[in-house]
Amino acid sequence: MAARSETNSTDLVSRFSSALVNRIGTQRYSLWFEGNTSFVLLGRDLMVVVSNESFQKWLEQTFGIEVRSAAAEVSGSEWAVRFVVETGATHQPQTAPPLVISSAATATIFGDEIQIPPPSRPTKKRTNDEGQPAQRSTRRWKLLNDFVVGSSNRVAYAAAQSVVEDPADCANPLVLFGPVGTGKTHLLEGIYAGLRKQHPDLRPVLITAEEFTTRFVQACRFDKQSQFRRQFRECSALLLDDLNFLANKPRSQEELMHTLDALIAEGHQVVLTTDCHPKLADELLPELVDRLQAGATWPLQPPDEATRLDILRKKSTVGSPVIPEAILKDMAKNIRGNVRELEGAVISVRHYAKVTGRPVDGAMLREALGDLLRHAVRATTIKNVDEAVCTVLRLMPGALQSKGRSWAISHPRMVAVYLSRKHTTATYGEISKHFAAKTHSTAVASEKKVRAWLDKKESLVIGDRTWDIAEFIERIERELQK
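If you're wondering where the values come from, they're calculated on a predicted model, not measured in any experiment.

Enquirer: Quick one: what's the story with the nonpolar core, residue by residue and with numbers?
Expert: Counting 56 residues, the largest nonpolar core has Leu 256, Val 415 and Phe 472 as its most contacted members. The greatest single-element share of this core, amounting to seven residues, is contributed by helix H15 (residues 382-393). Apart from the residues within four sequence positions on either side, Leu 256 is in contact with Phe 212, Leu 238, Leu 240, Leu 243, Leu 246, Leu 272 and Leu 288.

Next comes the structure, spelled out in structure tokens:
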């Protein structure tokens, strides 16, 4: 009878767990409940057992409604839900700075809102038959030797190589920036793997900005800032990916800023990646931007056709069926996306060939990549350029088509003409007509003027802001890529 009761209790708890998953989702259940809590049914009391009091209060505040709703579904409202601390667990008073916990499983500390994991129970280290620590599985880092070099990334690649070859004699910090899928993370992993191989005595740290922020908030929450700072300020090299994640997180930016100061003062290399030039990142603190510009900043642009072909060749060397050179050239010409899109195109073509049993030819390519090819041939228009310039400068739609002659309008209009010639197939006449110019010679003069600005590396004063002309154009081109 007791065995049947125990089995019934286990079944009810299992049904409760499933009902809770349906309410909060598998990902949140795995993050917050699985391995961090246990459910015990005592009579009509459902006990949610946790390891410490601070987590108990947070969990009930965040998921109390969902837990009680799931319990009511299974028991018909007969269960009373209680969040309790397991017997013998030590109470740790919360001495960290104030936290504001939201129902979306985020923590806000010093104005930085992020997702944070709860405190977890220590796990026993795995050992082998001789009692020694078991060898962990190691991930395969991307290597610099596997990076496809082209005109769009050559300087950034050379800078990454120099860090590996002589980490004590490089621009510091080194910032690599560019849009998604241009190889920033590949270079960062390549630097990490190269340093580990060529300089075994060094202790490089590779981390994303998101994880840096998460660890910082955890350290503040549990009063372990000293331990956090030792970890990052005493490493041999700090490699930080996706700096743009720190946008609008001033406290995390300040902590990173002090970390950079400490590392650079000791001659330790810092490499960061981000999606745009630091000067164009309005969400970063001016003090942090100033430090980032003390070293070298190199761009990675979307690959040109020649580089796309090299990437496709490299991606297609492993696996089957073989993709003919003519098809690779066709793909390189028509697929103008980033590295991930090119890799996905190779996978899609091969999969389609295997499923249909057809050879890889032009007709099959168009069937396999129909949607991708149709998206790739979407041309940039003068209107797209016009809208991008207005968006960056926060001008009213149609402002560049007015007859205004003030620099606040005429200079952006000249830049729009230049970019229309660069990114569209429109003639001078068509561009002049769009921007309400009398003759096509106005567009010709505008293009020449902007080219002269670029050659002389001049700055433009537009509204209350001074723009470096190259950075201004880059910002607009980033907007065009969205």
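Right, picking up where we left off after that structure.
Enquirer: Could you give an account of unusual backbone geometry, with specific residues and numbers?
Expert: With an omega of 5°, the peptide bond between Asn 172 and Pro 173 qualifies as cis. Tracing the sequence through the fold places Pro 173 in the loop between helix H4 (154-165) and strand S7 (174-177). Despite not being glycine, Asn 248 has its phi angle at roughly 65°, a positive value. Turning to its location among the elements, Asn 248 is positioned in the loop between strand S9 (237-241) and helix H8 (250-265). Positive phi, close to 60°, is recorded for Arg 394, a residue that is not glycine. Topologically, Arg 394 is positioned in the loop between H15 and helix H16 (407-423).

Enquirer: If you had to explain the pattern of salt bridges to someone new, which residues and values would you point to?
Expert: Should their charged atoms come close, side chains of opposite charge can pair. This structure, assessed with the given rule, holds 16 salt bridges. One salt bridge in this structure joins Arg 23 and Glu 73, with 2.6 Å as the shortest N-O distance. Of this pair, Arg 23 sits in helix H1 (residues 2-24) while Glu 73 sits in helix H3 (residues 53-75), and the two are 50 residues apart along the sequence. The partner of Lys 422 in a salt bridge is Glu 477, and the shortest N-O contact between them spans 2.7 Å. With Lys 422 in helix H16 and Glu 477 in helix H19 (residues 469-480), the pair connects residues that are 55 residues apart, well separated along the chain. Each of the salt bridges in this network shares a partner with another, and the network as a whole consists of Arg 229, Arg 233, Arg 251 and Glu 255.

Enquirer: Please give an account of the sheet that holds strand S8 (residues 204-208) that cites residues and values.
Expert: Strand order in this open sheet of five strands is S8-S9-S10-S7-S11, and the pairing throughout is parallel. Each edge of the open sheet is held by one strand with a lone partner, namely S8 and strand S11 (296-299). Strand-to-strand twist across the sheet, computed as the mean angle between neighbouring axes with direction ignored, equals 15°. Summarising the sheet, S7 and strand S10 (residues 269-274) pair through four bridges and their orientation is parallel. When the bridges of S10 are listed, Leu 174 appears paired with Val 271.

Enquirer: Summarise the environment of Gly 190; cite the residues concerned and give the values.
Expert: Here Gly 190 is to be found in helix H5 (residues 184-198). Using a relative accessible area of 3% as the deciding quantity, one classes Gly 190 as buried. C-alpha of Gly 190 to C-alpha of Gln 161: the two residues are 29 residues apart in sequence and 8.7 Å apart in space. Aside from chain neighbours lying at most four places away, what touches Gly 190 is Lys 142, Leu 143, Leu 144 and Val 164.

Each value, and the rule that gives it
- Residues numbered from 1 in each chain as written.
- Predicted model: local features only at pLDDT ≥ 70, side-chain atom pairs only at ≥ 80, totals over all residues.
- Heavy atoms only, no water.
- Core = buried A, V, L, I, M, F, W, Y, C linked by side-chain atoms within 4.5 Å.
- Buried < 20%, exposed > 50% of the residue type's maximum accessible area, 1.4 Å probe, protein only.
- Helix = DSSP H or I, 4+ residues; strand = E, 2+ residues; numbered from the N terminus.
- Contact = heavy atoms within 4.5 Å.
- Salt bridge = Lys/Arg side-chain N within 4 Å of Asp/Glu carboxyl O.
- Pairing = 2+ DSSP bridges.
- Axes fitted to C-alpha atoms, helices over the stretch in contact; angles between N-to-C directions.

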